[in-house]
2 protein chains.
Amino acid sequence: MSETFKKFQEYLKKMDYYNHIGSLMYWDMRTQMPKEGFEACSDALTYFSTEQFKLATAPELKEMLTALRTPEEFEALDADWQFIVKRMLRDIEKDERIPQDFYTRMVQIQTESEAAWEEAKNAKDFSIFAPHLAKVIEVTKQRVAYTDPGKEVYDALLDQYEEGMDSETIDRIFEELKSELIPLTRQILAAEQPDEQKLAGFYDKDQQKKVQDYLLKYIGFDFAKGCVGESEHPFTLNFSSKDVRVTNHYYEDAPISSMFSAIHEGGHAIFEQNVNPKYDGTVAGSCGYMGIHESQSRFYENILGRNKNFWKPIYEDVQNLLPELKKAELDDFYREINHVRNSFIRTEADEVTYCFHIILRYEMEKAIFRDQVPVEELPALWNEKMKAYLDLVPADDSEGILQDMHWSDGSFGYFPSYLLGSIYDGLFLEAAEEELGSIDEILAKGEIKKITKWLNEKIHQYGSTRLPKEVLEAVCSREVSAKPLMNYFKKKYTEVYSLR
Amino acid sequence: MSETFKKFQEYLKKMDYYNHIGSLMYWDMRTQMPKEGFEACSDALTYFSTEQFKLATAPELKEMLTALRTPEEFEALDADWQFIVKRMLRDIEKDERIPQDFYTRMVQIQTESEAAWEEAKNAKDFSIFAPHLAKVIEVTKQRVAYTDPGKEVYDALLDQYEEGMDSETIDRIFEELKSELIPLTRQILAAEQPDEQKLAGFYDKDQQKKVQDYLLKYIGFDFAKGCVGESEHPFTLNFSSKDVRVTNHYYEDAPISSMFSAIHEGGHAIFEQNVNPKYDGTVAGSCGYMGIHESQSRFYENILGRNKNFWKPIYEDVQNLLPELKKAELDDFYREINHVRNSFIRTEADEVTYCFHIILRYEMEKAIFRDQVPVEELPALWNEKMKAYLDLVPADDSEGILQDMHWSDGSFGYFPSYLLGSIYDGLFLEAAEEELGSIDEILAKGEIKKITKWLNEKIHQYGSTRLPKEVLEAVCSREVSAKPLMNYFKKKYTEVYSLR
């Protein structure tokens, strides 16, 4: 081992310590910190984030990386370390093009914008958010001009969340999907709907937590390497492959929400828990591709979790943990978890209409960055699209354009990842069935862990070391396409809704 | 504001950031961290603790403090800041007399000793712990020789946990207590005992948590400035007056345990939540006197919490939250929470026999540091004292000398604080009744927050700025004495046990 490589590893450890406490403060603020503790914690967080940023952008680090990139040093590294060095060098070169004072200003604009978004959402008044959004759009464009000079802004943003993805590909597969999904959805909505009253009742929160733990264990979440917290919005957070945490939230009149959030976040977490521990504390140690990441959470949530066979071996156990559910037969429950209906809020949508929520946002983002639509016109455009795709007109912006926080902190280009994830899932489902046989049968036998093991081997263990395209290539040897997802939808909903 | 003072405040902020993350990692490791996450977190903790230690002992800090101690600077400070500067300068001067290599060796010996203690306790074998204990005693003596040259070792240790306290005073008040408590206890034990079967049952953990939250709120714990976690042993942790956390543990066959742990830790937490927020992030901001601190937790737990009138206004609510408790009338419950019996384990003892557990440990510590009793002879001495005070002989050392972890990390001199706390409580109770009127009546009216307010004003707000003696002087204008506690015991247990 060369001296430089040794020094580099020490440096990575130190960076990892800062990442650890940054993540821990994030976790704490969202899961348990008392209200009045926030101010002191934000101050500490700001201090350590600055230190972390200094470490991540230090000339010393760049020197080490540059030294490790010389042929002599580089060839002595194994392929994983070569990936890590290349990746870090690329990122540091991008980041160092951002002037320090611009960066500070950008962070401040984002912070103010997040607060303004929250205020606007509560006040149901887009005009409070509009000037902040305009500034966030402006600094986002400027940031891309620094990090990816010469690259088209929106493609650069897409690439940032799903490396190698571009709007040409997304246009193609979203169109592919739309052409068949719109008529299918019409058919579904015209068919007889399940009676949602069958699940009406009071579902005790503590019992829901027991169900959540049961489901997490069942799908393969390892409690020796993870735990569950409670937060306003469910999320997954990983410290290393050995400590991956999820959160959940609970509605005592709607038990399905916490069950499917648990399975969804569980999917993200199983991914992170099964990354090769060799990558812990490096950029390879966590999957940085949001489309691929969402493909795993959504595979568990939708492809597996909304399959009737998933529940067959465990429904009785779940009913015993949550006795109120005894009022619903498995059939009622199954129909309700696949109840398709147009609705305002993305995060509450079923897996079919969810696609339209994403397509709408994707088109909005293109309108912002390609067509330069001014912020004042965005709510009307949103409502127009909502009417077109979901046949609904928001009563106010809080159930329209203000519903998601993503744009408030500049996370443009993130939304498509959700649908890309589902589209990948269509492909993964085909591949899994080719290799393992019928997923229905595996689930019905209670052998879901076979599927988890397959995903661990095919996808999870590689962390970030395989790009999205390489994952697809390795798992199913084919180009991305929405057809398999569409086939899955058609087959499933023809049966669920007795379509012809 | 002088330049030095400004710089000093910036420095304190930075120290506080490190304290914040150190506390947060401590909290996380004990309340929720998954098993496999420990290693990575300990590495991060070691790293940041070292940084924290460097900050706390930096020559730069001493220079600032020395500058602030010059008449010109010092007189410009208000009394609180004068206290802080003097206190920090004193501590840094003590600490800097400890040679760095000795300090490192001491920490290592303590760490190894803690592990050996745990092993020995599990194996019920004192001989595993003995050589480590001998080393810990040795380095403790050596440490005191550095920090407090010329001072008698055990008095220096006592002073470290309860500033201004010495063994002469403790001898006097413990003897005072013993002379009356031994005969009273004999009388109690000879009387008719309550039927503990009246509370036998299954008490759901989630319901116990609801009771815990109810009790915490009831006594004045502020959930906007605190939260509750679950850990093996209950503890209180404060980040600042605005974020003070407690933990609890639950036995589903013994609901009293979590109720009284909640009230006890709640007492510590109410103290910390009500320190003047001006002191946040400084040595004044948290009470560093363990006797005074324990006086507050034990005032809530024993003086208030084990008073029948405490429960009168709320017992029905508690029964509704924990329906299994409906089998027990308030009278049964009251007798059980004041059930006096000789027992092996300090932390499970009632408030009367608890005193003997502490007196025993205090005498053991004197034997170690004054009489130089060799470690091999300590278990026999322990058992002899246990027989004398509690009429019990431990079956093995895990229920004898190995039961507490305090000595394994060198916390000699801590134990007396618990009983000092109760002795202070006798004095505080008298003072409270003089100023507020009958505590029984206040409690019976459900007005406990009046008492909390009184304690806030008399004690809590001052944080560390008043030494234990000054607290006593301010609250009850008298010397410490065990008589008021003894009067409380006699009055209460004469009634509980219908003694003549």
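Residues numbered from 1 in each chain as written. Chains lettered and ligands numbered in written order. Predicted model: local features only at pLDDT ≥ 70, side-chain atom pairs only at ≥ 80, totals over all residues. Heavy atoms only, no water.

## Thoughts on the overall build of chain A
In terms of regular secondary structure, chain A is built from 22 helices and three strands. For chain A, with 500 residues in total, the buried portion stands at 56%. Put simply, 73% of the contacts in chain A that link residues at least 6 apart link residues at least 24 apart. Only carbon and sulfur atoms are counted for the fraction: they give 49% of the accessible area of chain A, which is about 20,800 Å². If you average the places of the 60 positive and of the 90 negative side-chain charges in chain A, the two averages end up 3 Å apart. (Helix = DSSP H or I, 4+ residues; strand = E, 2+ residues; numbered from the N terminus. Buried < 20%, exposed > 50% of the residue type's maximum accessible area, 1.4 Å probe, protein only. Contact = heavy atoms within 4.5 Å. Areas by Shrake-Rupley, 256 points an atom, 1.4 Å probe, with all protein chains shown as cover. Lys, Arg positive; Asp, Glu negative; His and termini not counted. Charge placed at Lys NZ, Arg CZ, Asp CG, Glu CD.)

## A few points about the sheet that holds strand β3 (residues 243-248) of chain A
All names here are of chain A. With respect to topology, three strands assemble into an open sheet ordered β1-β3-β2, the strand pairing being mixed. Strands with a single pairing partner mark the edges of an open sheet, and in this sheet they are β1 (226-230) and β2 (236-240). The average angle at which neighbouring strand axes cross in this sheet is 20°, direction not considered. Pairing geometry for β2 and β3, over four bridges, is antiparallel. Paired with Thr-236 across the strands is Val-246, a residue of β3. Helix α10 (residues 205-219) contacts β1 and β3 of the sheet and is inclined by roughly 150° relative to β1. (Pairing = 2+ DSSP bridges. Axes fitted to C-alpha atoms, helices over the stretch in contact; angles between N-to-C directions.)

## As for the relation of the copies chain A and chain B
For the pair chain A and chain B, the best superposition has an RMSD of 0.2 Å and corresponds to a rotation of 178° with a translation of 0.1 Å parallel to the axis. Accordingly, the operation relating the two chain copies is best matched by a two-fold axis. Interface overlap between copies: 100% of the residues of chain A at the interface are likewise at the interface in chain B, consistent with a symmetric, same-surface contact. (Least-squares fit on C-alpha atoms with pLDDT ≥ 70 in both.)

## A short note on the environment of Ala224(B)
The topology assignment puts Ala224(B) in the loop between α10 (205-219) and β1 (226-230). Measuring from C-alpha to C-alpha, the distance between Ala224(B) and Gln208(B) comes to 21 Å, with 16 residues separating the pair along the chain.

## Topic: the packing of helix α11 (residues 255-273) of chain A against helix α15 (residues 330-337) of chain A
All names here are of chain A. Following both chains from N to C, one finds α11 and α15 inclined at 70°, their axes separated by 12 Å at the closest point. One element, α11, and the other, α15, form an angle in the roughly perpendicular class. For the pair formed by α11 and α15, the contact residues are Ile-256, Met-259 and Phe-260 on the first element and Phe-333, Glu-336 and Ile-337 on the second. Here the contact of α11 with α15 is built from residues that sort into five nonpolar, no polar and one charged. (Parallel < 35°, antiparallel > 145°, perpendicular 65-115°, else oblique. Nonpolar A, V, L, I, M, F, W, Y, C, P; charged D, E, K, R; others polar.)

## What to know about helix α18 (residues 416-436) of chain B
All names here are of chain B. Between the first and last C-alpha of α18 there are 29 Å, a value that for 21 residues agrees with the 30 Å anticipated at 1.5 Å per step. With respect to burial, α18 is a largely interior element, 16 of its 21 residues being buried. Of the residues trailing α18, Gly-437 is marked for its positive phi of about 95°. (Expected span 1.5 Å × (residues − 1).)

## Let's talk about the interface of chain A and chain B
Contacts between the two partners involve 30 residues from chain A and, on the opposite side, 30 residues from chain B. Between chain A and chain B lies a buried interface of about 2,800 Å² when both sides are counted; carbon and sulfur atoms form 62% of it. Three residues, Tyr17(A), Pro34(A) and Glu36(A), lead the burial of chain A against chain B; their summed loss comes to 21% of the area buried on that side. On inspection of chain A and its partner chain B, the count reaches four salt bridges. For Asp206(B), the salt bridge goes to Lys210(A), with nearest N and O atoms at 3.0 Å. Scanning the region where chain A abuts chain B turns up nine residue pairs in polar contact (both at pLDDT 80 or more). Breaking the side of chain A that touches chain B down by element, the ones donating at least two residues are α1 (3-31), α2 (38-56), α10, β1 and β3 of chain A. For the side of chain A that touches chain B, the element with the highest residue contribution is α1(A), accounting for nine residues. The class makeup of the residues in the side of chain A that touches chain B is 15 nonpolar, four polar and 11 charged. (Buried area = accessible area lost by both parts, 1.4 Å probe. Salt bridge = Lys/Arg side-chain N within 4 Å of Asp/Glu carboxyl O. Polar contact = N/O pair within 3.5 Å; in protein donor to acceptor, adjacent residues only side chain to side chain.)

## Some thoughts on the sheet that holds β1(B)
Residue and element names in this part refer to chain B. Across the sheet, three strands lie side by side as β1-β3-β2; this open sheet has mixed pairing. Edge strands, defined here as strands with exactly one partner in the open sheet, are β1 and β2 (236-240). Each strand axis lies, on average, 20° off the axis of its neighbour in the sheet, ignoring direction. Both β1 and strand β3 (residues 243-248) contribute to a ladder of five bridges, which runs parallel.

## Overview of unusual backbone geometry
Of note in this structure, Asp391(A) is not a glycine but carries a positive phi near 55°. Following the sequence through the fold, Asp391(A) ends up in the loop between α17 (378-390) and α18 (416-436). Residues other than glycine seldom take positive phi values, yet Gln372(B) does so here, at roughly 55°.

## Brief notes about a negative patch on the surface
Among the surface-exposed residues, Glu433(A), Asp440(A), Glu441(A) and Glu495(A) lie close enough to one another that they form a single negatively charged patch. Its place among the elements puts Glu495(A) in helix α22 (residues 483-496). (Patch = residues over 30% accessible without salt bridge, like charges linked within 9 Å, V, L, I, M, F, W, Y side chains within 5 Å.)

## Considering the packing of aromatic side chains
Per the stated rule, a full pass over the model turns up 73 aromatic pairs over all chains. Measuring from centroid to centroid gives 5.9 Å for Phe48(A) and Phe48(B), while their planes differ by 80°, and the two rings are edge-to-face. With one member in each of two chains, Phe48(A) in helix α2 and Phe48(B) in helix α2 (residues 38-56) form a pair that bridges those chains. Its relative accessible area of 2% is what places Phe48(A) among the buried residues. Taking 6.3 Å as the distance between ring centres and 45° as the angle between the ring planes, the aromatic pair formed by Tyr424(A) and Phe428(A) counts as tilted. Of the two residues, Tyr424(A) and Phe428(A) both sit in helix α18, four residues apart, roughly one turn of that helix. (Phe/Tyr/Trp six-rings, centres within 6.5 Å; stacked < 30°, edge-to-face > 60°.)

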